[in-house]
Amino acid sequence: MKKTALILLNMFVFSALLLYLLPKENLYYLLEQNLEKKSIVLNNEKFKDKGLQFEVRDAALFYKGVESADIGKIRFDFFLLYNAVVLKEIKLSSVAQTFIPLYVNRVDFRYSIFNPLRIRGKARGEFGEADIFLHLLEKKITVILSPSEIMLQKYKNSLKKFKKSQDGEYVYEQNI
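To start, this report covers the structure provided alongside it. (Residues numbered from 1 in each chain as written. Predicted model: local features only at pLDDT ≥ 70, side-chain atom pairs only at ≥ 80, totals over all residues. Heavy atoms only, no water.)

1. Points about helix α2 (residues 24–36)
Helical periodicity: at 3.6 residues per turn, an α-helix aligns residues three or four positions apart in one direction.
No. 1: Between its first and last C-alpha atoms α2 spans 18 Å; for 13 residues at 1.5 Å apiece the expected length is 18 Å, and the two agree.
No. 2: Taken as a whole, α2 has its buried residues at Lys24, Tyr28 and Glu32. What you see down the axis of α2 is that its buried residues fit within an arc of 90 degrees, all on one side. The outward face of α2, more than 90 degrees from its buried face, is lined by the exposed residues Asn26 and Gln33. (Helix = DSSP H or I, 4+ residues; strand = E, 2+ residues; numbered from the N terminus. Expected span 1.5 Å × (residues − 1). Buried < 20%, exposed > 50% of the residue type's maximum accessible area, 1.4 Å probe, protein only. Arc of directions from axis to C-beta.)

2. So, the layout of surface pockets
No. 1: Estimated volume of the largest pocket: approximately 2500 Å³.
No. 2: Lining the largest pocket are 50 residues; nearest its centre among them are Ile40, Leu87, Val107, Phe109 and Ile141.
No. 3: Broken down by element, the residue count for the lining of the largest pocket peaks at seven residues, all from α2.
No. 4: Counted by class, the lining of the largest pocket contains 40 nonpolar, five polar and five charged residues. (1 Å grid on protein atoms, 1.4 Å probe; cavity = no way out; pocket = protein on both sides within 12 Å on 5 of 7 lines; lining within 4 Å. Points joined across faces, edges and corners; volume = space filled by probe spheres on them. Nonpolar A, V, L, I, M, F, W, Y, C, P; charged D, E, K, R; others polar.)

3. Some thoughts on the packing of aromatic side chains
No. 1: One pass over the structure, following the stated rule, counts ten aromatic pairs.
No. 2: When the ring of Tyr28 is compared with that of Phe47, the centres are 5.2 Å apart and the planes differ by 70 degrees; the resulting orientation is edge-to-face. Note that Tyr28 is positioned in helix α2 and Phe47 in strand β2 (residues 46–49), a separation of 19 residues in sequence.
No. 3: The exposure class of Tyr28 is buried, given its relative accessible area of 2%. (Phe/Tyr/Trp six-rings, centres within 6.5 Å; stacked < 30°, edge-to-face > 60°.)

4. Some details on the pattern of salt bridges
Pairing is possible between side chains that carry opposite charge, provided their charged atoms lie close to one another.
No. 1: Per the counting criterion, the structure on display carries twelve salt bridges.
No. 2: Residues Asp108 and Arg110 are paired through a salt bridge, measuring 3.8 Å at the closest nitrogen-oxygen approach.
No. 3: Look at Asp108 and you get buried, because its relative accessible area is 12%.
No. 4: A salt bridge links Asp131 to Arg120, with the shortest nitrogen-to-oxygen separation between them at 4.0 Å. Of this pair, Asp131 sits in strand β8 (residues 128–135) while Arg120 sits in strand β7 (residues 118–125), and the two are eleven residues apart along the sequence.
No. 5: Assessed through its relative accessible area of 18%, Asp131 is described here as buried.
No. 6: For Arg120, a relative accessible area of 41% corresponds to the partly exposed category.
No. 7: One salt-bridge network, held together by shared partners, links Lys50, Glu55, Arg57 and Lys73. (Salt bridge = Lys/Arg side-chain N within 4 Å of Asp/Glu carboxyl O.)

5. A few points about unusual backbone geometry
No. 1: Unusually for a residue other than glycine, Lys64 sits at a positive phi of about 55 degrees.
No. 2: Mapping Lys64 onto the fold places it in the loop between β3 (53–63) and β4 (66–78).
No. 3: Residue class for Lys64 comes out exposed when judged on its relative accessible area of 59%.
No. 4: Of note in this structure, Glu89 is not a glycine but carries a positive phi near 55 degrees.
No. 5: In this fold, Glu89 is placed in strand β5 (residues 82–92).

What follows is the structure in structure tokens.
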């Protein structure tokens, strides 16, 4: 019993040390290369490694060469069984103003090895609140939106892409 506990403790310490010393900036550059294949580019960002967290500040997001958003902070949390990406203070380009409110307070994406085929997200902003589900096996995204008053009054055309459920939420599904 003591040997099993010692082996588990050693595995835990080794994993924690590995995650702490992981070259997070290189992983971020790998992510940037993969996003670039989809015509998404992040520029002007500043990095800060915080052990099990990695922060990117003041990033400008470009899609197909057009500046689409400014992101105040992106935080990557690296844990053994659970990983997260948190985006804060997102201001969309004024081009999107006809479709959606421009300010997004926070977007959280969470991934757990206990449910490896699904990534869960939650977003909050001037548009209201949204639950986001990425189904990796089915290659499908589902968004459940609880729209704000601003969204209901000014952006009715954008809500037409959603199906209204009986409890007042709007559901959007798309294959990716």
